[in-house]
Amino acid sequence: MSAAAAMAGLSKAPGAFTITPHKLSICILIQVYAPPSQSSVPFPFSSVAQHNLLGSFLLSLTKSSEDIFEPKLDELVAQLREIGGVLNHWLSDHLARKLSSLASPDDLFNFFNDLRGILGGSDSNVMDDDQIILDPSSNLGVFVRRCLLAFNLLSFEAVCHLLTNVATYCKDSLSTYELSHFKDSDSDTEATMHYENMDLENLAVQNVNKEIESRNVVDERLSFHNHAPKALVRAIEDHDFSPGPQVRKINKHREVSACASSSCDVLDPVDSPSGAFLRTSWQIQGYLLEQADTIERQGSSFPLNAFESVLKDLLKLAPELHRVHFLRYLNSLYHQDYHTALENIHRYFDYSAGTEGCDFASSSSTGCNSFGRYEIALLCLGMMHFHFGHPKQALGVLTEAVRVSQQQNNDSCLAYTLAAICKLLSEFGVSNMRGLVGSSYSPVTSIGTSLSTHQLLYVLLRRSLKRAESLKLKRLVASNHLAMAKFDLTQVQRPLLSFGPKASMKLATCPSNVCKELRLSSHLINEYGDETSLMISDGAFCTQWIKNLKKPKGSVIFSQDNECRSNTDVFQFCGQPCSIPGSVLQLLGSSYLFRATAWEVYGSAPLARMNALLYATCFADSSSLDDMALAYGKLIQHLAVFKGYKEAFAALKLAEEKFLSLSKSQIQLVKLQLLHDHALHTGNLKLAQQLCDELGVLASSVTGVDIEIKVEASLRHARILIAANQFSQAAAVAHSLFCMCYKFSLQVENATVLLLLAEIHKRSGNAVLGIPYALASLSFCKSFNLDLLKASATLTLAELWLSLGSSHAKRALALIHGAFPVLLGHGGLELRARAFITEAKCYLADSSFSVCEEPEMVLEPLRQASEDLELLEYHKLAAEAFYLMAIVYDKLGQLDHREAAAKSFRKHITTLESSDI
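Residues numbered from 1 in each chain as written. Predicted model: local features only at pLDDT ≥ 70, side-chain atom pairs only at ≥ 80, totals over all residues. Heavy atoms only, no water.

## Comments concerning the overall build of the protein chain
Then step 1. Within the protein chain, the regular secondary structure consists of 40 helices and two strands.
Then step 2. Counting across all 917 residues of the protein chain, residues that qualify as buried make up 49%.
Then step 3. Considering only intrachain contacts with a sequence separation of at least 6, the fraction spanning at least 24 residues in the protein chain is 69%.
Then step 4. When the accessible area of the protein chain is evaluated, it comes to approximately 43300 Å², of which 53% is carbon and sulfur surface. (Helix = DSSP H or I, 4+ residues; strand = E, 2+ residues; numbered from the N terminus. Buried < 20%, exposed > 50% of the residue type's maximum accessible area, 1.4 Å probe, protein only. Contact = heavy atoms within 4.5 Å. Areas by Shrake-Rupley, 256 points an atom, 1.4 Å probe, with all protein chains shown as cover.)

Laid out in structure tokens, this is it:
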């Protein structure tokens, strides 16, 4: 069901929108914001900015007015304190005085009568330009109209109950304000209780019985009804209703969760006009949707047991809410409980047939047939297998989902299933697709099953994108554009036909295509720029904004103080209410996170760092913890490469505290990588091997799963063998790794492995055998536009030429100077130091170069290299730099400098030997 249809059903349900003290408070503030017959900057505002700030705050309040939890009055005053500024006390006092003045039904009638006057009529276009008019069709205007309608529908008894609730609302919350109206005398409260105790009990019983009957009728006709289980309704019908002077209140116990803000508060006792508080089904569904988003964002850090108990209690009260089973499935899924997740997903589709809570709109005329939504169940089951790292099972289930979607003409589900298959093929290494997708998906069968995996992936991506565009599935279109960008980054597009005339095609990736797809994926945000396109039911997103009014000044990334501060002067209001759905913001943030990855691959360290910082700063509230940990990991790695291990480990410590609850996070992977690099640089090979083994344990044992971690572990194992001078074993590991990368079409990783083989032959003294590997790596780098890796391969090639003899020194120097712009502009400390040392060695090996005439041409690169290497604690390479400096100083006759360089050389050699022991 669409959101519009849901809202239509909601408006027909009795009690769906009721007047509460919180809504009265909003109406009072709206009167302050838009008083009738006032100028563009009404009293008490001194500037347009102050006026607009309150308007933005009211916009968020109205959109979150139907949230399952309504804030207390003291919470509303605290929020006003954050945005009110100098008007804080005036707004709070005005709100308190206005609420305290509502002492009788006549006061409420007069208040709503005055409230009607702030709405602009049909002749509002003839009014002055600077006069404030509240458009009845705006969000604020619609809210005021709904409040007026809800008040007009109240009975006299309901108005008396509302007055009692207002008195309780003020007494319980405004303890810090001197409300003499409530403190000095209870006459007004007694007056409202007098209204309630009038001889109207028989009339109240009749009203309750009529309301129960009307709710039963609506329950049978509408899926969005007042949330009262049938068993509870029958119990009320069978129970003798005898209203008394005291109002019954229902307390609902809830578990306290530090992670989910909507689960943190105990539901306060609130009275409905009928004397008992019942949540609407729409409110419960909104609450469950909000919790689902929270689970997907927080992952394994979401409290498992606390929320599970809440869901169990909710199932006892409302067994017809099948979405609860889906929430239990999500909760188990992100806590890696396979059996419980499988049980709950089966239970959800067994009970609901997938007809509750699914957003897929079937294009068939039959809708949900006797099979229910079997194809959606298969899609969810396939994604569950994907999450747990079962690629073959996931691909088999998704293939079946494709077949059923075609049979049922469910184009939307087919589009999502194709996107899921594309994600599966891109994330996991599936080397053989024959007999899987091609056997069931007719468009692929028409092309043929001889396609390679990445060719089939390209076909599926293009067709999934076209299908999503034709169905106007905007989020899926943006997701497919992002998937196309990933494909263009790592794969070379080849002709699909293996016979016949083929047009000439350059076998290389195109960075412009990647940028184009990223821009297209970001266009989704434009769909939410118009206020009229937003649903009022999306109030949960503004509720989250209201709960996070406090924003610290400056950057909060790697901040030493992660706790909330009580001093409100430290904080400033720096946000605007956002009604964009969280999934859209998360998708937009993913595009910036992928931009950081793309610039890392292309070799632009500043742009990679900028996009990672932008993601961590702007999308922290909407992104998942796993993606946020990935962004933090990128920033930590950048610090290690460009600033050294000291700053990187300091940032790592803060990140570990932030992501402590994640069992398998990117932070843990980055920590092992940093410790391994540090152990290699310091010469502690035993520790390096231990860390490499721990890194390999993080990868799944299933073939094709966690392929990036497996490649990383193999590369690091080979580097350990090189450092231990076990070159034959290192070459065997590298050859095995190259075969695995070729099998799973990991072309970018192939370039790294080829460069590793060249490094092995260089270190073993077989420079002639290493040159072909370096040239092959250069070829891969040119095809995939890997500029930084290309510069590194050029540096290795220069080192290989130089090791062949002094006659090749000029050729090696020319190669280094050609790569210097990229090496010095985007390379890290180690890469720059290697380049400086190789340049100095080229000058020293060149017979035409005189050290005595131009000593700084050699000494300056060596000084810079030694400084960078000492930051990295790379003792072996630093010893080589100081050794070359001692030779140069000896030729120059500068004995003091020579002894200083020799002393530094001995220090690094001693440290290296002690670490090796």
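What follows picks up the thread again.
## Observations regarding the environment of Leu 721
Then step 1. Residue placement: Leu 721 occurs in helix α31 (residues 707-723).
Then step 2. For the pair Leu 721 and Ala 731, spaced 10 residues apart in sequence, the C-alpha to C-alpha distance is 9.1 Å.
Then step 3. Setting aside residues no more than four positions away along its own chain, Leu 721 makes contact with Gln 726, Gln 729, Ala 730 and Val 733.

## Comments concerning helix α27 (residues 625-643)
Then step 1. Over its 19 residues, α27 extends 26 Å from the first C-alpha to the last, a length consistent with the 27 Å expected when each residue adds 1.5 Å.
Then step 2. The complete set of buried residues in α27 reads Met 628, Ala 629, Ala 631, Tyr 632, Gly 633, Lys 634, Leu 635, Ile 636, His 638, Leu 639 and Ala 640.
Then step 3. Buried residues belonging to α27 abut α25 (582-602), α26 (605-618), α28 (645-658), α29 (666-682) and α38 (856-872).
Then step 4. Two residues or fewer after α27 comes Gly 644, characterised by a positive phi angle close to 100 degrees. (Expected span 1.5 Å × (residues − 1).)

## A short note on unusual backbone geometry
Then step 1. Non-glycine residue Ser 745 carries a positive phi angle of around 60 degrees.
Then step 2. Residue placement: Ser 745 occurs in the loop between α32 (727-743) and α33 (747-763).
Then step 3. Phi at Asn 785 is positive, roughly 55 degrees, even though this residue is not glycine.
Then step 4. Note on placement: Asn 785 falls in the loop between α34 (767-783) and α35 (787-803).
Then step 5. Residue Asn 785 is classed as partly exposed on the basis of its relative accessible area of 21%.

## What about the packing of aromatic side chains?
Then step 1. Tallied over the full model, the rule gives 15 aromatic pairs.
Then step 2. Aromatic pair Tyr 338 and Phe 388: ring centres 5.3 Å apart, planes at 90 degrees, arrangement edge-to-face. With a gap of 50 residues between them, Tyr 338 in helix α16 (residues 338-352) and Phe 388 in the loop between α17 (374-387) and α18 (391-408) connect regions that are remote in the sequence.
Then step 3. What makes Phe 388 buried here is its relative accessible area of 15%.
Then step 4. The rings of Phe 326, Tyr 329, Tyr 348 and Phe 349 are connected pair by pair, giving a single aromatic cluster.
Then step 5. A cation sits over an aromatic face here: Lys 658 above Phe 659, 5.8 Å from the ring centre.
Then step 6. Taking NZ or CZ as reference, Arg 811 lies 4.2 Å from the ring centre of Trp 801, over its face. (Phe/Tyr/Trp six-rings, centres within 6.5 Å; stacked < 30°, edge-to-face > 60°. Lys NZ or Arg CZ within 6 Å of the ring centre and 35° of its normal.)

## Comments concerning α28
Then step 1. Compared with the 20 Å implied by 1.5 Å per residue over 14 residues, the 20 Å span of α28 between its first and last C-alpha is a close match.
Then step 2. As for α28, its buried residues are in contact with α27, α29 and α38.

## Description of the nonpolar core
Then step 1. Grouped together as the largest cluster of nonpolar side chains are 57 residues, with contacts concentrated most on Leu 786, Leu 823, Ile 837, Val 858, Leu 862 and Leu 869.
Then step 2. When residues no more than four places from it in sequence are discounted, the contact partners of Val 858 are Ala 840, Tyr 843, Leu 844, Phe 849 and Val 888.
Then step 3. By size, the runner-up hydrophobic cluster in this structure holds 56 residues, among which are Leu 381, Leu 395, Val 404 and Ile 421. (Core = buried A, V, L, I, M, F, W, Y, C linked by side-chain atoms within 4.5 Å.)

## Section: the pattern of salt bridges
Then step 1. A full pass over the atoms with the stated rule returns 18 salt bridges.
Then step 2. Notably, a salt bridge pairs Arg 898 with Asp 890, separated by 2.8 Å at the nearest N-O pair.
Then step 3. The class of Arg 898 is partly exposed, set by a relative accessible area of 25%.
Then step 4. What you see here is one network of salt bridges that share partners, running through Glu 759, Lys 762, Glu 799 and Arg 834. (Salt bridge = Lys/Arg side-chain N within 4 Å of Asp/Glu carboxyl O.)

## So, the environment of Gly 827
Then step 1. Position of Gly 827 relative to the elements: it lies in the loop between α36 (809-826) and α37 (829-845).
Then step 2. Remark: the alpha-carbon pair of Gly 827 and Gly 603, spanning 224 residues in sequence, is separated by 8.2 Å.
Then step 3. Once you skip the residues sitting within four places of it in the chain, Gly 827 turns out to touch Phe 642, Leu 788, Val 822 and Arg 832.

## Quick notes on the packing of helix α21 (residues 453-471) against helix α22 (residues 474-490)
Then step 1. In contact at an axis separation of 9 Å, α21 and α22 are set at 155 degrees when each is read in the N-to-C sense. Comparing the axis directions of α21 and α22 gives the class roughly antiparallel. Relative to α22, the crossing made by α21 is left-handed. Residue-level inspection shows His 454, Leu 457, Tyr 458, Leu 461, Arg 462, Ser 464, Leu 465, Ala 468 and Glu 469 of α21 in contact with α22, the latter providing Leu 476, Val 477, Asn 480, His 481, Ala 483, Met 484 and Phe 487. (Axes fitted to C-alpha atoms, helices over the stretch in contact; angles between N-to-C directions. Parallel < 35°, antiparallel > 145°, perpendicular 65-115°, else oblique. Left-handed = near helix turned anticlockwise from the far one by under 90°.)

## So, the environment of Leu 154
Then step 1. Tracing the backbone through its elements, the reader meets Leu 154 in the loop between α7 (139-152) and α8 (156-173).
Then step 2. Residues Leu 154 and Ile 19, 135 residues apart in the sequence, show an inter-C-alpha distance of 8.9 Å.

## Brief notes about the confidence of the model for the protein chain
Then step 1. For the protein chain, per-residue confidence averages 75 on the pLDDT scale, and residues scoring 70 or more make up 71% of the total.
Then step 2. Between residues 175-205, whose pLDDT stays under 50, and residues either more than four places distant or in other chains, the model counts 43 contacts.
Then step 3. Within the model, the stretch residues 497-504 combines pLDDT values under 50 with two contacts to residues more than four positions away or in other chains. (pLDDT = per-residue confidence, 0-100.)

## Details of the packing of α38 against helix α39 (residues 875-892)
Then step 1. Following both chains from N to C, one finds α38 and α39 inclined at 150 degrees, their axes separated by 9 Å at the closest point. As far as their axial angle goes, α39 and α38 are roughly antiparallel. The chirality of how α38 crosses α39 is left-handed. Contacts between α38 and α39 pair Val 858, Leu 859, Leu 862, Arg 863, Ser 866, Leu 869 and Glu 870 from the former with Leu 877, Ala 878, Ala 881, Phe 882, Leu 884, Met 885, Val 888, Tyr 889 and Leu 892 from the latter.
Then step 2. Partitioned by chemical class, the residues of the contact of α38 with α39 number 13 nonpolar, one polar and two charged. (Nonpolar A, V, L, I, M, F, W, Y, C, P; charged D, E, K, R; others polar.)

## Remarks on the state of the cysteines
Then step 1. This structure, assessed with the given rule, holds zero disulfides.
Then step 2. For Cys 413, which is in no disulfide, the shortest distance to another cysteine sulfur is to Cys 380 and amounts to 8.3 Å.
Then step 3. Counting only cysteine sulfurs, Cys 739 is the nearest neighbor of Cys 741, a cysteine outside any disulfide, at a range of 9.3 Å.
Then step 4. Its relative accessible area of 0% is what places Cys 741 among the buried residues. (Disulfide = S-S within 2.5 Å.)

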